[in-house]
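Next come the chains, spelled out residue by residue.
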Amino acid sequence: MRWLLLLAALAAAGPRIAAAQPRMPPQAVAQPRSGTQDMSRELQAMQADDSANPGMLWVQEGEALFHRAEGRVQKACADCHASLTGVAARYPAWDDRSAAPMDLAGRIQHCRTEHQQATPLAREGEPLLALSAFVAGQSRGLPLAPPEDSRLAPALARGEALFRQRRGQLNLSCAQCHEDRAGLRLGSALIPEGHANGYPQYRLEWQALGSLQRRLRNCMVGVRATAPAFGAAEYVEIELYLARRGAGLAVEAPAVRP
Amino acid sequence: MARVLLNLPRSAAKGAVIEIRTLIMHPMESGFRPGMNGTILARDIITRFTCEYDGEVVFQAELSSAIAANPFISFTTVATASGTLSFTWEGDNDFRQTETRSLTVT
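These numbers were taken from a predicted model, which means no experiment stands behind them.

Focus on the overall build of chain B
Of the regular secondary structure elements, chain B holds zero helices and eight strands. Each helix (α) and strand (β) of chain B, taken in turn from the N terminus, gives the series β-β-β-β-β-β-β-β. Oriented by its inertia axes, the alpha-carbon framework of chain B measures out at about 60 × 20 × 20 Å. Partitioning the intrachain contacts of chain B with sequence separation of at least 6 by distance along the chain shows that 57% fall at a separation of at least 24. Surface summary for chain B: the accessible area is close to 5,900 Å², and the carbon and sulfur share equals 50%. Computed over 9 positive and 11 negative side-chain charges, the inter-centroid distance for chain B is 7 Å.

Now the structure itself:
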């Protein structure tokens, strides 16, 4: 709870801090900096070592699920998809059927209900996280490459607007911390630029793997805003903007973060 | 069956010190935390980890409530002879899982 109080203090002191600190230009994230670079050496080693990175437990689980026949048609993911290298780096992407942007978990869900004719998995449930981790892990090391798709433009613009919109009782926007104050500290914690190149990620605070939506929800609850339900379009729009904002960063999924 | 990551060499020179690293998926529910409805969640932790080398215990650890989920245990042993290493995690709610790996000593 202490960090919440600190956050409250930061919000209260907001105008003064803004006066004392020279504001960086809006395009401060010209060369995105991955959160990994600001972690302790021990955590970096934990992320890099597949036998110490707890996220690999979910990758292993996801691989098993990927090869398991499911649903009414009794088909496994692996029956259609041989390799998904680089796929996660291109999500969220446009989905023709729903005429909306779709993130990776949404795509897995879609494949499951449409092609396997199986019951949908719970968002943020272990099986969907495991499958996401297995698919995202196949893009490790590849640069985030959001699709150049004009149909995504309106959602992308909404995503950026959401990123810059002040929200919650503390009246803070994502940009106020992760752009204007990236690299400074919130209490003892370093404020990262908030890039989405390591999801799903293992957070030591969660002691579990979690999706980008869970992370977004975390921040929204932190500024005492109402967080939408998992899977909401609002999250996907922010994800879309974050992918654009961090384009070029190497995918680190499953990343480890404090 | 909980997912397990085991990292150890497949072969080693006789007398060499080998490092073994283990990671297991487990919630390690401490028994002190309230759940969503305010009642205390029952303790569910791994209480003991044992490594046997050809039936002989070479490493053992007792785990307690303060240990985080998905415990990572790293230790070393001396490669004496070719044989089987078995790793056993035991805990609350009759949790018990054993994994084995063979080691060739040259």
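Re helix α4 (residues 55–66) of chain A
What sets the pattern is the α-helix's 3.6 residues per turn: residues three or four places apart point alike. Taking 1.5 Å per residue, twelve residues should reach 16 Å; α4(A) reaches 16 Å between its end C-alpha atoms and fits that length. Listing the buried residues of α4(A) in full gives A:Gly55, A:Met56, A:Leu57, A:Trp58, A:Val59, A:Gly62, A:Leu65 and A:Phe66. Those residues of α4(A) that are buried are in contact with α5 (77–80), α7 (126–137), β5 (201–203) and β6 (208–210) of chain A together with β1 (4–7) and β3 (17–24) of chain B.

Details of the domain arrangement of chain A
Residues and elements named next belong to chain A. Here chain A is described as being made up of domain 1 (2–49 + 144–257) and domain 2 (55–137). Domain 1 puts 26 residues into the contact, and the matching count from domain 2 is 21 residues. Taken together, domain 1 and domain 2 are joined by one salt bridge. Our count for the contact surface shared by domain 1 and domain 2 stands at four residue pairs in polar contact (both at pLDDT 80 or more). Sorting the residues of the side of domain 1 that touches domain 2 by element identifies β6, α10 (212–222) and α11 (233–245) as the ones contributing at least two each. Here the side of domain 1 that touches domain 2 takes four residues from α11, the largest share from any one element. Here the residues of the side of domain 1 that touches domain 2 sort into 18 nonpolar, four polar and four charged.

A closer look at the sheet that holds β3(B)
Strands pair in a sheet through their backbones, by hydrogen bonds, and they do so in one of two ways: parallel or antiparallel. If you walk across this open sheet you meet the three strands as β1-β3-β6 (chain B), and the pairing is antiparallel. The outermost strands of the open sheet, each flanked by one partner alone, are β1 and β6 (72–78) of chain B. Within the sheet, the average angular offset between the axes of one strand and its neighbour, ignoring direction, is 15 degrees. Packed onto the sheet, α4(A) meets β1 and β3 of chain B and runs at close to 115 degrees relative to β1(B).

A few points about the pairing of strand β7 (residues 83–91) of chain B
Residues and elements named next belong to chain B. β7 sits mainly inside the fold: seven of its nine residues count as buried. Bridging between strand β4 (residues 46–53) and β7 involves seven bridges; their strand directions are antiparallel. When the bridges of β7 are listed, Arg-48 appears paired with Glu-90. Here β7 folds back onto strand β8 (residues 95–105), and the loop between the two strands holds three residues, one of which, Asn-93, carries a positive phi near 55 degrees.

As for the nonpolar core
A:Trp58, A:Phe66, A:Leu104 and A:Leu131 are the most contacted members of the largest nonpolar core, which totals 35 residues. Of all the secondary structure elements, the ones that give two or more residues to this core are α4, α6 (104–114), α7 and β6 of chain A. At eight residues, α7(A) tops the list of elements feeding residues into this core. Three or more residues apiece are contributed to this core by two domains, here domain 1 (2–49 + 144–257) and domain 2 (55–137) of chain A. Sequence-distant contacts of A:Trp58, defined by excluding residues within four places in its chain, comprise A:Glu126, A:Leu129, A:Ala130, A:Ala133, A:Tyr202, A:Ala208, A:Leu209, B:Met25 and B:Asn70. Core analysis: the next-biggest nonpolar cluster, separate from the first, contains 25 residues, B:Ile24, B:Ile45, B:Ala61 and B:Leu85 among them.

Let's talk about the packing of aromatic side chains
Taken as a whole, this structure holds eight aromatic pairs over all chains when the rule is applied. Three or more aromatic residues joined by ring pairs make a cluster, and in this case those are B:Phe49, B:Phe59, B:Phe75 and B:Trp89. The ring of A:Trp206 carries A:Arg203 above its face, with NZ or CZ at 5.2 Å from the centroid. The ring of A:Trp206 has A:Arg214 sitting right over it, with the charged end atom 4.2 Å from the ring centre.

Considerations on empty space enclosed by the protein
The probe, sized like a water molecule, is rolled over the atoms to show the empty space still left. All names here are of chain A. Applying the stated criterion across every chain yields a total of two cavities of 30 Å³ or more. Its boundaries defined by the atoms lining it, the largest cavity holds a volume of some 400 Å³. Lining the largest cavity we find 25 residues, and of these Leu-104, Tyr-199, Pro-200, Leu-212 and Glu-239 sit closest to its centre. Looking at the lining of the largest cavity, the elements with two or more residues in it are α6, α7, α10 and α11.

Some thoughts on the environment of A:Val256
Residue and element names in this part refer to chain A. As for its placement among the helices and strands, Val-256 is situated in strand β7 (residues 256–257). Residue class for Val-256 comes out buried when judged on its relative accessible area of 0%. Sequence-wise, Val-256 and Pro-147 are 109 residues apart; in three dimensions their C-alpha atoms are separated by 26 Å. For Val-256, the contacting residues outside a window of four places in its chain are Met-39, Leu-43, Met-46, Gln-47, Asn-53, Pro-54, Tyr-202 and Leu-204.

Analysis parameters
Residues numbered from 1 in each chain as written. Chains lettered and ligands numbered in written order. Predicted model: local features only at pLDDT ≥ 70, side-chain atom pairs only at ≥ 80, totals over all residues. Heavy atoms only, no water. Helix = DSSP H or I, 4+ residues; strand = E, 2+ residues; numbered from the N terminus. Contact = heavy atoms within 4.5 Å. Areas by Shrake-Rupley, 256 points an atom, 1.4 Å probe, with all protein chains shown as cover. Lys, Arg positive; Asp, Glu negative; His and termini not counted. Charge placed at Lys NZ, Arg CZ, Asp CG, Glu CD. Expected span 1.5 Å × (residues − 1). Buried < 20%, exposed > 50% of the residue type's maximum accessible area, 1.4 Å probe, protein only. Domains from an automatic or database assignment. Salt bridge = Lys/Arg side-chain N within 4 Å of Asp/Glu carboxyl O. Polar contact = N/O pair within 3.5 Å; in protein donor to acceptor, adjacent residues only side chain to side chain. Nonpolar A, V, L, I, M, F, W, Y, C, P; charged D, E, K, R; others polar. Pairing = 2+ DSSP bridges. Axes fitted to C-alpha atoms, helices over the stretch in contact; angles between N-to-C directions. Core = buried A, V, L, I, M, F, W, Y, C linked by side-chain atoms within 4.5 Å. Phe/Tyr/Trp six-rings, centres within 6.5 Å; stacked < 30°, edge-to-face > 60°. Lys NZ or Arg CZ within 6 Å of the ring centre and 35° of its normal. 1 Å grid on protein atoms, 1.4 Å probe; cavity = no way out; pocket = protein on both sides within 12 Å on 5 of 7 lines; lining within 4 Å. Points joined across faces, edges and corners; volume = space filled by probe spheres on them.

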